[in-house]
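# Fold and geometry: a report
Next come the chains, spelled out residue by residue.
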Amino acid sequence: MTDRETPPVQPVSGTVVPRFAGPSTFCRLPELRDVPYCDVAILGVPFDAGTSYRPGARFGPQAIRQASRHLRFNFHPAYATEPFRDIQVADAGDVACNPYSIEEAIGQIETAASELLTKSGSMISLGGDHTIALPLLRAMHRRHGQVALVHFDAHLDTWDTYFGAPYTHGTPFRRASEEGLFNDQTSMHVGIRGPLYSREDLERDADLGFKVIHCDELEEQGPGHVARRIRDRVGDAPLYLSIDIDVLDPAHAPGTGTPEVAGLTSRELVNILRGLQGLKLVGGDVVEVAPAYDHAEITSLAAATLVFELVNLVLCGQE
């Protein structure tokens, strides 16, 4: 979509229509079909057949959209931006994923994301479990080549298989490494913690090129230190951020499939993201929101806020 002479179609303002009313899109944005061009598309991926513990992330996209009604989106003081006025952001709806065949669903997600990137400058996806990161990275690679992958998560997600299955929410980044989808010199995990399956897990992960920022390092050095480490690692490479909501402590995100104690606070995660302002963010995802285990929309609101932060980072990376 190329009609850049047309100003962005903005979402319904909460000062005109109460936030609990109006469209059910993310932040009550216009739908993709209703805009002449698109800088950032919000894509729902309601798929959770790759989960290994509690299911329910298939309902994540609709829960994140609902929670996004809370947000006051006109002006973001941390970035000094008016994102929905400065760039065209639109809701692209949901991918129709086969809930019974993981491999077919992966193909459907890849096809939908690749097609969407021909219509939009960048894409932020609402999960869904972390399996979806693999087809999303395939689409990103087709558009940008190898990206810098910064992965926020309690878990590595670089295991080879679960019960012999190669495509699960614990394996996407091993498959992505095997397919050469990200630059192993600019990629890292942030927020890793908790026990592992074996002593070799971290060694095998390091063999894929990832650097790791454990939660203990964040606790000792603070969010500013983490943001600096990410910036030093990524440099000027095109950046893809993949955020598993379980990087947050269960006190801040109870509604997820594999919670892990001693995680980040929502404030810490938001401050790390704000420390990445100016990096060339080309896309991202926020995954593993399972609203059946949530309370008072704590997790969904955290996820919606993170998506809004990513929109602002995309805008700042273009300046």
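In this report, the structure presented in the accompanying data block is examined. The structure presented is a predicted model; accordingly, all values stated were derived computationally and were not measured.

### As for the overall build of the protein chain
- Along its length, the protein chain carries ten helices and eight strands.
- Along the longest, intermediate and shortest principal axes, the C-alpha atoms of the protein chain span 55 × 45 × 40 Å.
- Within the protein chain, the fraction of its 319 residues that count as buried is 57%.
- Contacts in the protein chain between residues far apart in sequence, at least 24 positions, make up 78% of those at least 6 positions apart.
- As presented, the protein chain carries roughly 13000 Å² of accessible surface, and 49% of it is formed by carbon and sulfur atoms.
- Across the protein chain, 27 positive and 43 negative side-chain charges occur, with their mean positions spaced 4 Å apart.

### Focus: the packing of aromatic side chains
- Under the criterion given, the structure shown has six aromatic pairs.
- With a centroid separation of 5.4 Å and 55° between ring planes, the pair formed by Phe-73 and Phe-84 is classed as tilted. Here Phe-73, found in the loop between helix H1 (60-67) and helix H2 (83-86), pairs with Phe-84, found in helix H2; they are eleven residues apart in sequence, far enough to count as distant.
- Residue class for Phe-73 comes out buried when judged on its relative accessible area of 6%.
- Take Phe-84: its relative accessible area is 3%, and that puts it in the buried class.
- Between Trp-159 and Tyr-162, the aromatic rings sit 6.4 Å apart at their centres with planes inclined by 40°, giving tilted as the arrangement. Tyr-162 carries the same exposure label as Trp-159, and that label is buried.
- Above the face of the Tyr-293 ring, Arg-54 is positioned so that its terminal group lies 4.2 Å from the ring centre.

### Examining the packing of H1 against helix H10 (residues 298-318)
- Taken N-terminus to C-terminus, the directions of H1 and H10 make an angle of 80°; their axes are 8 Å apart at the nearest point. Compared by their axis directions, H1 and H10 come out roughly perpendicular. Mapping the contact onto sequence places Ala-63, Ile-64 and Ala-67 in H1 and Ser-300, Leu-301, Ala-303 and Ala-304 in H10.
- By residue class, the composition of the contact of H1 with H10 is six nonpolar, one polar and no charged.

### What about the pattern of salt bridges?
- Under the defined criterion, the tally for this structure stands at 14 salt bridges.
- Put simply, Arg-175 and Asp-160 hold a salt bridge, and the shortest N to O gap is 2.6 Å. One end of the pair, Arg-175, is in helix H5 (residues 172-178); the other, Asp-160, is in the loop between strand S4 (148-152) and H5, and 15 residues separate them in sequence.
- Among the charged side chains, a salt-bridge network with shared partners connects Glu-110, Arg-138, Arg-142 and Glu-179.

### Some words on the environment of Gly-278
- Positionally, Gly-278 belongs in the loop between helix H9 (266-274) and strand S8 (281-287).
- Taking relative accessible area as the criterion, Gly-278 reaches 44% and is therefore assigned partly exposed.
- When the C-alpha positions of Gly-278 and Pro-291 are compared, they lie 32 Å apart, and in sequence the two are 13 residues distant.
- Contact partners of Gly-278, with chain neighbours within four places excluded, come to Cys-316 and Gly-317.

### Side note on the side chain of Thr-258
- Here Thr-258 shows up in the loop between strand S7 (239-244) and H9.
- Residue Thr-258 is classed as buried on the basis of its relative accessible area of 17%.
- Side chain to side chain, Thr-258 and Asp-246 meet in a polar contact 3.2 Å long.
- Not counting residues within four places of it along the chain, the set of residues in contact with Thr-258 comprises Ser-52, Tyr-53, His-155, His-169 and Asp-246.

### Some words on helix H8 (residues 223-234)
- Under the 1.5 Å per step criterion, the end-to-end length of H8 is 16 Å for twelve residues, consistent within 8% with the ideal 16 Å.
- Looking only at H8, the buried set comprises His-225, Val-226, Ala-227, Ile-230, Arg-233 and Val-234.
- For H8, the elements touching its buried residues are S4, strand S5 (188-192), strand S6 (211-214), helix H7 (215-221), S7 and H9.
- Positive backbone phi, approximately 65°, marks Gly-235, located one or two places after H8.

The rules behind each value
- Residue indices begin from 1 for each chain and proceed along its sequence in written order.
- In keeping with the model being predicted, local features are shown solely for residues with a pLDDT of at least 70 and side-chain atom pairs are shown and tallied solely at 80 or more, while totals for entire chains, interfaces and linings include all residues.
- Side-chain calculation: all heavy atoms of the structure are included, whereas hydrogens and water are not.
- For helices the rule is a DSSP run of H or I covering at least 4 residues; for strands it is a run of E covering at least 2, with both sets numbered from the N terminus onward.
- Only protein chains enter the accessibility calculation, which uses a 1.4 Å probe; a residue whose area is less than 20% of its type maximum is buried, one above 50% is exposed, and one in between is partly exposed.
- Throughout, a contact is declared for two residues whenever any of their heavy atoms are within 4.5 Å.
- Calculation of accessible area relied on Shrake-Rupley with a 1.4 Å probe; when residues are assessed, cover is drawn exclusively from the protein chains displayed.
- Positive: Lys, Arg. Negative: Asp, Glu. His and the chain ends are not part of the count.
- For charged residues, the charge sits on one atom: NZ in Lys, CZ in Arg, CG in Asp, CD in Glu.
- Side-chain rings of Phe, Tyr and Trp (the six-membered ring for Trp) are treated as a pair once their centres are within 6.5 Å; stacked means planes under 30 degrees apart, edge-to-face means over 60, and tilted covers the remaining angles.
- Placement of a charge over a ring requires the Lys NZ or Arg CZ to be within 6 Å of the ring centre, with the centre-to-atom vector within 35 degrees of the ring normal.
- Helix axes are fitted only over the stretch in contact, all axes being lines through C-alpha atoms; the angle between N-to-C directions runs from 0 to 180 degrees.
- Working rule for angles: under 35 degrees goes down as roughly parallel, over 145 as roughly antiparallel, 65 to 115 as roughly perpendicular, anything else as oblique.
- We call Asp, Glu, Lys and Arg charged. Ala, Val, Leu, Ile, Met, Phe, Trp, Tyr, Cys and Pro are nonpolar, and the rest, Gly among them, are polar.
- Salt bridge, as applied in this entry: a Lys or Arg side-chain nitrogen positioned within 4 Å of an Asp or Glu carboxyl oxygen.
- Throughout this description, a polar contact denotes any pair of N or O atoms lying within 3.5 Å of each other; where both atoms belong to protein, one of them has to be capable of donating a hydrogen while the other can accept it, and for residues adjacent in sequence the pair is counted only when both atoms sit in side chains.
- In this scheme, a helix's expected span is set at 1.5 Å multiplied by one less than its residue total.

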